[in-house]
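# Examining the three-dimensional arrangement
Read off the chains here:
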Amino acid sequence: MRQATRAAMLGGVLALAGVVAVMAATPEQVIAERRAGYKHMGDNFKAMKDAIDAGSDVKPLAVRAAEIESWAKQIPTMFPPGTETGGGTHARPEVWSDRAGFEKHAGELQQAAQKLEATAQSGDKAAFAAQWKATAQVCGACHQTYRYKLS
Ligand code: HEC
């Protein structure tokens, strides 16, 4: 067998092993991971509010906005079938019964976070504060339909 062919086959086997590893994650692990992701996003969002209230420079917040954007991209993959209950999840059944609507909200968050990153980079504090508010509305709109109240 040629070296290159063998290497390609090995690559395929490794990629398959990666897929199996993802599938092997228990529902509890997936739920814990998505809750941690949301919590991290919440912390980022809160840090932005604190900076706005303190009148701080908004440029360093671009990194946090970028993190929210990349989390928004991951949201649709974090709710596979079998993770509807357990693990202290606050997800409503509508996440699965109205998947198109749910993913639309995730897309809106991605766009809002992209704008948030741009306004942070511009250094314009007023524009950043306005876009933060607009983004908060996107968070709230999705939670209203797809998440039970956090106790
Ligand atoms: C596409 C819908 C959607 C959007 C947009 C969204 N969320 Fe959520 N969020 C959820 C769902 C569903 C859960 C429940 C996840 C679970 O418990 O399994 C959640 C959970 C959370 C949690 C609780 C995590 C925990 O400790 O269990 C926080 C905090 C949170 N979101 C913050 C935010 C913030 C801040 C934004 C906006 C920047 C946001 N979310 C945008 C759907 C969304």
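Residues numbered from 1 in each chain as written. Predicted model: local features only at pLDDT ≥ 70, side-chain atom pairs only at ≥ 80, totals over all residues. Heavy atoms only, no water.

Turning our attention to the coordination of the iron atom of the ligand. One donor from the polypeptide reaches the iron atom of the ligand: His143 (NE2), at 2.1 Å. Checked against the element boundaries, His143 lands in helix 6 (residues 125-146). (Donors = N, O, S within 2.8 Å, 3.2 Å for Na, K, Ca; no water. Helix = DSSP H or I, 4+ residues; strand = E, 2+ residues; numbered from the N terminus.)

Another point: the site of the ligand. Not every one of the 20 residues close to the ligand is listed here, only the nearest: Arg35, Thr89, Cys139, Cys142 and His143. Within the contact set of the ligand, an oxygen atom lies 2.7 Å away from a side-chain nitrogen or oxygen of Arg34. Contact between the ligand and Arg35: an oxygen atom at 2.7 Å from a side-chain N or O atom of the residue. At a threshold of 2 Å from the grid points, most atoms of the ligand map onto the largest pocket. Secondary-structure elements contributing two or more residues to the shell around the ligand are helix 2 (27-54), helix 5 (99-122) and helix 6. It is helix 2 that provides the largest number of residues to the shell around the ligand, a total of six residues. Looking at the shell around the ligand, its residues break down into 12 nonpolar, five polar and three charged. (Near = heavy atom within 4 Å. Polar contact = N/O pair within 3.5 Å; in protein donor to acceptor, adjacent residues only side chain to side chain. 1 Å grid on protein atoms, 1.4 Å probe; cavity = no way out; pocket = protein on both sides within 12 Å on 5 of 7 lines; lining within 4 Å. Sits in = over half its atoms within 2 Å of the grid points. Nonpolar A, V, L, I, M, F, W, Y, C, P; charged D, E, K, R; others polar.)

With 29 residues, the main nonpolar core has Met48 and Phe79 as its most contacted residues. Every element with two or more residues in this core is listed here: helix 2, helix 3 (62-74), helix 4 (94-97), helix 5 and helix 6. For this core, the element with the most residues is helix 5, which contributes seven residues. In this structure Met48 touches Leu61, Arg64, Ala65, Ile68, Leu116, Phe128 and Trp132, once residues within four positions along its chain are discounted. (Core = buried A, V, L, I, M, F, W, Y, C linked by side-chain atoms within 4.5 Å. Buried < 20%, exposed > 50% of the residue type's maximum accessible area, 1.4 Å probe, protein only. Contact = heavy atoms within 4.5 Å.)

This brings us to the layout of surface pockets. In this structure, the largest pocket spans a volume of roughly 740 Å³. Every residue lining the largest pocket is counted, 26 residues in all, and those nearest its centre are Tyr38, Lys39, His143, Arg147 and Leu150. At the level of elements, helix 2, helix 5 and helix 6 are the ones that each hand at least two residues to the lining of the largest pocket. It is helix 2 that contributes the most residues to the lining of the largest pocket, seven residues altogether. Residue composition of the lining of the largest pocket, grouped by class: 15 nonpolar, seven polar and four charged. (Points joined across faces, edges and corners; volume = space filled by probe spheres on them.)

Another point: helix 5. Here helix 5 spans 35 Å end to end across 24 residues, near enough to the 34 Å set by a 1.5 Å rise per residue. When helix 5 is considered as a whole, its buried residues turn out to be Gly101, Phe102, His105, Ala106, Leu109, Ala112, Ala113, Leu116, Glu117, Thr119 and Ala120. Among the residues trailing helix 5, Gly123 stands out with phi positive, at a value near 80°. (Expected span 1.5 Å × (residues − 1).)

Turning our attention to the packing of aromatic side chains. Using the criterion set out here, one finds six aromatic pairs in the structure. Between Phe102 and Tyr146 the ring centres are 5.2 Å apart and the planes differ by 65°, which places this aromatic pair in the edge-to-face class. Of the two residues, Phe102 sits in helix 5 while Tyr146 sits in helix 6, which places them 44 residues apart along the sequence. Each member of the pair, Phe102 as well as Tyr146, carries the same accessibility label: buried. Connected via pairs of aromatic rings, a cluster forms that spans Tyr38, Trp71, Phe79, Trp96, Phe102 and Tyr146. A cation over an aromatic ring shows up here: Lys49 above the ring of Trp132, its NZ or CZ 5.9 Å from the ring centre. (Phe/Tyr/Trp six-rings, centres within 6.5 Å; stacked < 30°, edge-to-face > 60°. Lys NZ or Arg CZ within 6 Å of the ring centre and 35° of its normal.)

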